[in-house]
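# Observations on the three-dimensional arrangement
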Amino acid sequence: MFDGSGQLKELGFNELIEKLNKIKIGDELIDTSDGIVGIGNAAVKKELEMYFPQLTDGKINRRMKMIGEGIQLDQSSDIEGVESYSARFAEFNKAHKEFFERPVILNVGRLSVLKGQIELLKAWSKSKLSETHNLLLIGGDLERPNKEEKRVIDFFKDYVKKHPQFKDRFIHKGAMSNLDIRLLEENIMKRDFDYPHIYLCSSVKEEFGIAILEAMSMEFLTLGPIKGGVKSYMSNGKNGFLIDTSNWETIAKETENHLYDSKMNKEEFKRIQAAGQKTVSENFSINKISTEFVSFYLAVKGEENNEV
C-alpha cells in the first residue's frame, strides 16, 4: 500500500490487518455479487479498476453499471419550514449584516482534516480571495463535537484570535438541515456582485459530492477536487473548475488563477454557472437517478429468475 506521493506506507500490525481485511472483504463482495454499482462515469470506473483489477474481467464487468447520485431539484413545499428558516436567516443576517455585502465562498460538509476546511481557511486568508470574498463554512456539531471536529473548531478559534482582521469576514456555523442550506444558498445568490459567489469543496478527495451538485443547481461558481469522482460531471472551465486541493497553497493558487488571472468577465462566469445548473438538472435529479437504480435492480432480479 502506498500514500499519495507513491511512497510505501508504514503501518502498524493492527492497522495493516484491518486494511487487509477490508481488501479481502471487498474482493469477496465483488466475486459473490449478482450486480455491482459504481458511483460516477467511465473515467471513475477506470480508477476503480486500479484498486479492483478483477473488474476488467469480462464476466464481472458485465455485472457492473456506473450510476451517479441524485438530488432533489424542486423547492420544498414545506411552508412552515421555509417560514421558520426565514426568521432564523433574518436574525443571522442582522447579526452579520456586513458579511453578505461581499461575494461569499461557501463550503458545506462534516468537519474533518480530510475535508480540508483548515486548508481552505488558510488559503482564503493568505491570498487575494480574502480581499474580494468572505468565507462561510457550515458543518460539525458545535455543542458536542467529536475529537476530530473539536480539533478543527479549535483551529478556527485560534486562527481568528491570531488574525483578528478576519473576525467579521469568516463565519463557521454548525451543521444545518438540507432545507436550511438550500434556502441559505438561495438567499446568497440573490445578491449580485462583480465577482461570483463560489462554492469550494476543499476535500483532499471527493468520491462524488452531493453538496457540490446542490451548489451547482443554485448556480454557484463551483470548484471541486481533481481527485475522486467530481470530474465525472464537472468539466474544467465549462461548468465549473477542478483544482488541486492537496494543501492551502494549491487551493489558493489555482482558485486565484481561475478567478483573477483567467481574464474572464462577469458574463463568462455566469455562462459557466448556468452550464453547471444545466448539468445537474439534466443528469442528476433524484427522479432520474432513482429510475436508473430501479432499472438496474430489476435487470439483476430478471437474471436471477432466468437462472432459476
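Read on for an overview of the structure. Residue indices begin from 1 for each chain and proceed along its sequence in written order. Local features in a predicted model are, by the rule used here, given only for residues with pLDDT of at least 70; side-chain atom pairs are given and counted only at 80 or more, and totals for whole chains, interfaces and linings are based on all residues. Note: side-chain values were computed over all heavy atoms of the structure, leaving out hydrogens and water.

Our next topic: the overall build of the chain. Looking only at helices and strands, the chain has twelve helices and eight strands in total. Here the globule rule is a power law, 2.2 Å times the number of residues to the power 0.38, and the radius of gyration is based on C-alpha atoms. Computed over the C-alpha atoms, the radius of gyration of the chain is 21 Å, within 12% of the 19 Å expected from 2.2 N^0.38 for a compact globule of 308 residues. For the C-alpha atoms alone, the extent of the chain along its principal axes is close to 65 × 50 × 45 Å. The rule is simple: take the accessible area with a 1.4 Å probe, protein chains only, and divide by the maximum for that residue type; under 20% is buried, over 50% is exposed, in between is partly exposed. Put simply, the chain has 308 residues, and 42% of those count as buried. The criterion used for residue contact is that any of the two residues' heavy atoms lie within 4.5 Å. A separation threshold of at least 6 residues defines the contact pool for the chain, and within that pool the share at least 24 residues apart is 69%. Within the structure as shown, the chain displays about 17300 Å² of accessible surface, and the carbon and sulfur contribution to it stands at 52%. In the chain, the 44 positive side-chain charges and the 49 negative ones have mean positions that sit 3 Å from each other. Secondary structure elements are defined from DSSP: runs of H or I of at least 4 residues count as helices, runs of E of at least 2 residues count as strands, and each element is numbered from the N terminus. Calculation of accessible area relied on Shrake-Rupley with a 1.4 Å probe; when residues are assessed, cover is drawn exclusively from the protein chains displayed. Just so you know, the count uses Lys and Arg for positive and Asp and Glu for negative, and it drops His and the chain ends. Charged groups are reduced to one reference atom each: NZ for lysine, CZ for arginine, CG for aspartic acid, CD for glutamic acid.

A few words on unusual backbone geometry. For Glu219, which is not a glycine, the phi torsion comes out positive at approximately 75 degrees. For Lys263, which is not glycine, the phi torsion reads 65 degrees and is therefore positive. Its place among the elements puts Lys263 in the loop between helix H10 (248-261) and helix H11 (266-283). Judged by its relative accessible area of 70%, Lys263 falls in the exposed class.

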